[in-house]
Amino acid sequence: MKIGIIGIGTIGGIFLEKCLATSFIEKINIYDKENDKIQHYKNNRIKVCKFPCEVVEESENIILAVRPQDSMELFSEISKSDLSGKVIISTMSGVSIQVLRNSLGCSNILRIMPNVACSVGNGVIAADFSESFDENSKPELIQLISKLGKIFIMDERYFPALTSISGSGPAFIFVIIESFIDAGIKMGLSYDLAYSIVMEVFDGSVEMMRQSKKHPAELKNKATSPAGTTIEGIYTLENEGLRGTIMKTLIECYNKAKQFDSSLKGGIKLEE
Ligand SMILES: NC(=O)c1ccc[n+]([C@@H]2O[C@H](COP(=O)([O-])OP(=O)(O)OC[C@H]3O[C@@H](n4cnc5c(N)ncnc54)[C@H](OP(=O)(O)O)[C@@H]3O)[C@@H](O)[C@H]2O)c1
């Protein structure tokens, strides 16, 4: 398989690394606006192209990993090439399959929504294929994208929810983890000890949910004894409105993602 990647930033860089580790990918053609910064990738499998059109012409599958506000400029550059038999894999938030199809005249479009945890192969990737997508190309693409994490195939209308829960989710989880560590420090633990313990607590809790497949409320009750310490904490969480705060946070994030989606609907440039 010959893959092209346009935009070698965070997501394009992760894809490049995963493509290199994929045996059925024989050639990777890459391009970035700042081409000087990617020259060092050049080797017998990676070609650094001078123009985005060169990536398109030399690749069967092309990953678009530029920011949404740069999409229009990119479309006007690559739509000069014949894209009709190519597969476009777009990582761009808010740029719909319809906009991609109208702008590029291409029918094989895979729109994905990755998250940062893809960098460690543990990401969440929402994916939607265009209606007329070539069925024969799907298995290899799914195999490639699986290297980034778990794929959830769904209608792209759910992508704003995924942008919130899985795209921004890790940032919120890091804040919550940080607050556990800080509380540990306040109670006299060293940072290193608090860090190690908190990581185990999060790992163990998630693993318990995974293995038992039980509703979290049921597991919470297991750890809560009458008139004990945990129920004191639960009472405070409820009094302080933790659940409402978290739900409000995710819903506000979702609303913002929907706003981005609609501002890009007609292929309009996002305001910076
Ligand atoms: N990062 C995430 O966690 C995440 C999650 C989900 C979806 N996404 C989506 O993935 C896409 C890439 O995100 P990112 O975080 O990887 O962005 P990024 O780090 O800013 O990388 C984008 C790269 O594309 C380059 N570029 C801009 N215009 C270009 C053009 N016309 N041709 C070629 N290269 C161009 C940029 O160069 P300059 O810096 O010089 O402009 C930059 O190196 C975005 O559309 C984003 O919405 C990202």
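Everything numeric here is computed off the predicted structure, so don't read it as measured data.

A. Structural view of the sheet that holds strand β6 (residues 108-113). One open sheet holds the eight strands; their spatial order is β3-β2-β1-β4-β5-β6-β7-β8, and the pairing between them is mixed. The open sheet has two edge strands with one neighbour each: β3 (46-48) and β8 (149-153). With strand direction ignored, the average angle separating the axes of adjacent strands in the sheet is 20°. As judged from the five bridges shared by strand β1 (residues 2-6) and strand β2 (residues 27-31), these two strands associate in the parallel manner. Opposite Ile3, over in β2, you have Ile28 as the bridge partner. In this fold helix α1 (residues 10-20) packs onto β1, β2, β3, β4 (61-64) and β6, with an angle of close to 160° to the strand it touches most, β1. Contacting β4, β5 (87-90), β6 and β7 (123-129), helix α4 (residues 97-104) runs over the sheet at an angle of about 140° to β6.

B. Spotlight on the site of the ligand. The local shell around the ligand holds 22 residues, among which Ile11, Lys37, Val66, Arg67 and Ser93 are the closest. In this structure, Lys33 approaches the ligand through a main-chain N or O atom, which is 3.1 Å from a nitrogen atom. In the complex, 83% of the free accessible area of the ligand, which totals 900 Å², lies under the protein chains. Here the residues of the shell around the ligand sort into 11 nonpolar, five polar and six charged.

C. Main features of the pairing of β6. For β6, a buried count of six out of six residues is recorded, marking the element as mostly surrounded by other parts of the structure. On β6, burial covers both faces: Asn108, Leu110 and Ile112 on one face and Ile109, Arg111 and Met113 on the other are all buried. Where β5 and β6 come together, four bridges link them in parallel fashion. Residue Ile89 lies in a different strand from β6, and its bridge partner there is Leu110. Tracing the backbone out of β5, into α4 and back to the parallel element β6 gives a crossover that is right-handed. Two strands pair when backbone bridges link them, and β6 and β7 are joined in this way by four bridges, in the antiparallel orientation. Looking at β7, one finds that Arg111 is bridged to Asp128.

D. Examining the domain arrangement of the protein more closely. As far as domains go, the protein holds domain 1 (2-154) and domain 2 (162-258). The straight-line distance from the C-alpha centre of domain 1 to that of domain 2 is 35 Å. Contacts between domain 1 and domain 2 engage six residues on the former and five residues on the latter. Summed over the shared surface of domain 1 and domain 2, the result is zero salt bridges. Here domain 1 is connected to domain 2 by one residue pair in polar contact (both at pLDDT 80 or more). Here the side of domain 1 that touches domain 2 is composed, by residue class, of five nonpolar, one polar and no charged.

E. Local environment of the packing of helix α6 (residues 159-186) against helix α7 (residues 191-212). Orientation of α6 relative to α7, taken along the N-to-C sense of each, is 135°, at an axis distance of 9 Å. Taken together, the axes of α6 and α7 lie oblique to each other. The two elements α6 and α7 meet at a crossing, and its hand is right-handed. For the pair α6 and α7, contact is made by Ile176, Ile177, Phe180, Ile181, Gly184 and Ile185 and by Tyr191, Ala194, Tyr195, Val198 and Phe202, respectively. The residue makeup of the contact of α6 with α7, split by class, is 10 nonpolar, one polar and no charged.

F. Representation of the confidence of the model for the protein. The predicted model of the protein has a mean per-residue pLDDT of 93, with 96% of residues at 70 or higher. Contacts of residues 267-272 to residues separated by more than four positions or lying in other chains number 11 contacts, the stretch itself having pLDDT below 50.

Each value, and the rule that gives it
- Residues numbered from 1 in each chain as written.
- Predicted model: local features only at pLDDT ≥ 70, side-chain atom pairs only at ≥ 80, totals over all residues.
- Heavy atoms only, no water.
- Pairing = 2+ DSSP bridges.
- Helix = DSSP H or I, 4+ residues; strand = E, 2+ residues; numbered from the N terminus.
- Axes fitted to C-alpha atoms, helices over the stretch in contact; angles between N-to-C directions.
- Contact = heavy atoms within 4.5 Å.
- Near = heavy atom within 4 Å.
- Polar contact = N/O pair within 3.5 Å; in protein donor to acceptor, adjacent residues only side chain to side chain.
- Areas by Shrake-Rupley, 256 points an atom, 1.4 Å probe, with all protein chains shown as cover.
- Nonpolar A, V, L, I, M, F, W, Y, C, P; charged D, E, K, R; others polar.
- Buried < 20%, exposed > 50% of the residue type's maximum accessible area, 1.4 Å probe, protein only.
- Right-handed = clockwise from strand over helix to strand, strands pointing away.
- Domains from an automatic or database assignment.
- Salt bridge = Lys/Arg side-chain N within 4 Å of Asp/Glu carboxyl O.
- Parallel < 35°, antiparallel > 145°, perpendicular 65-115°, else oblique.
- Left-handed = near helix turned anticlockwise from the far one by under 90°.
- pLDDT = per-residue confidence, 0-100.

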